Amino acid sequence: MSYFINVSVTSPSLCPSFPSHLSARSSAANQREAHRRARLGTRKIRFILLFSRQGKLRLQKWFTPLTDREKRKVIRDVTMLVLARTPRSSNFLHWRDLKIVYKRYASLYFCAGLEEQDNELLALEVLHRYVELLDKYFGNVCELDIIFNFEKAYFILDEFLMGGEVLETSKVAVGVSLEQADTLQETMEEYMNKPAY
């Protein structure tokens, strides 16, 4: 039995120092891929941010590689843009080459950065589904649940999204994964707390 490793060349857009003539994909191939994804309804979310009304970051998930400096700049700019908007404004805005989709739930803003060709309404549904999953797990989730149980919030997000695309749409399937993880964690805690003789 043999195993193959799929190695791909980094996209020039993700690595500015990457020579464009060495790119494995032409711009036409990139456009075809974007049209294929748009036609199939798949979308690539670049990042998800959760922040409070005071601008405190509560959760961040990046699906594209950025330096820490770029991440801080994106967080600062997007947070200021969203917080400056009036409550009656649209939940969609354009920023640089991205579409920003956000929704406020209680004291938290759930914000996603999308590629230009992606559907904003589908991204809004993704954010809403994430809130539903959090509600199902925590029971009427609040900002304190995210602060004190951030590892569970990340776990739920990882069960729901992978690589910026929806992995599992079923709330039941995600709930089963969470129950299994909680059971495993409890078992490990019991095992670790037993005295070794």
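Residues numbered from 1 in each chain as written. Predicted model: local features only at pLDDT ≥ 70, side-chain atom pairs only at ≥ 80, totals over all residues. Heavy atoms only, no water.

(A) Spatial organisation of the nonpolar core. Counting residues in hydrophobic clusters, the biggest one holds 28 residues, and the most contacted among them are Ile45, Ile48, Leu50, Phe110, Tyr130, Leu134 and Leu161. Those elements giving two or more residues to this core turn out to be strand 1 (45–52), strand 5 (108–115), helix 3 (120–138), helix 5 (150–160) and helix 6 (171–193). With residues up to four places along the chain from it excluded, the contact list for Leu50 reads Lys56, Leu57, Arg58, Leu59, Leu108, Tyr109, Phe110, Tyr130 and Ile146. Ile75, Val78, Leu93 and Ile100 belong to the second largest nonpolar core, which has 15 residues in total. (Core = buried A, V, L, I, M, F, W, Y, C linked by side-chain atoms within 4.5 Å. Buried < 20%, exposed > 50% of the residue type's maximum accessible area, 1.4 Å probe, protein only. Helix = DSSP H or I, 4+ residues; strand = E, 2+ residues; numbered from the N terminus. Contact = heavy atoms within 4.5 Å.)

(B) Broad picture of the packing of aromatic side chains. Considering all chains together, one arrives at six aromatic pairs under this definition. Centroid distance Phe47 to Trp62: 5.2 Å. Interplanar angle 40°. Geometry classified as tilted. Of this pair, Phe47 sits in strand 1 while Trp62 sits in strand 2 (residues 57–62), placing them 15 residues apart in sequence. In terms of burial, Phe47 and Trp62 fall into one category: buried. Summarising the aromatic geometry, the rings of Tyr137 and Phe138 are spaced 5.0 Å apart at their centres and angled 85° between planes, so their arrangement reads as edge-to-face. You can call Tyr137 partly exposed: its relative accessible area is 28%. Joined through ring pairs, the aromatic side chains of Phe51, Tyr102 and Tyr109 make up one cluster. The lysine or arginine in question, Lys103, covers the ring of Tyr105, its NZ or CZ lying 6.0 Å from the ring centre. (Phe/Tyr/Trp six-rings, centres within 6.5 Å; stacked < 30°, edge-to-face > 60°. Lys NZ or Arg CZ within 6 Å of the ring centre and 35° of its normal.)

(C) Here's a closer look at the sheet that holds strand 2. Ordered by their spatial adjacency, five strands build an open sheet running 2-1-5-4-3, and the pairing between neighbours is antiparallel. Two strands bound the open sheet, and with one partner strand each, they are strand 2 and strand 3 (92–95). Each adjacent strand pair in this sheet contributes to an overall mean axis angle of 20°, direction not counted. Judged from the five bridges that link them, strand 1 and strand 2 form a sheet pairing that is antiparallel. Among the inter-strand pairings, Leu50 is bridged to a residue of strand 2, identified as Leu59. Contacting strand 1, strand 2, strand 3, strand 4 (98–105) and strand 5, helix 2 (residues 68–83) runs over the sheet at an angle of about 60° to strand 1. Here helix 3 sits on the sheet in contact with strand 1, strand 2, strand 3, strand 4 and strand 5, set at roughly 35° to strand 4. (Pairing = 2+ DSSP bridges. Axes fitted to C-alpha atoms, helices over the stretch in contact; angles between N-to-C directions.)

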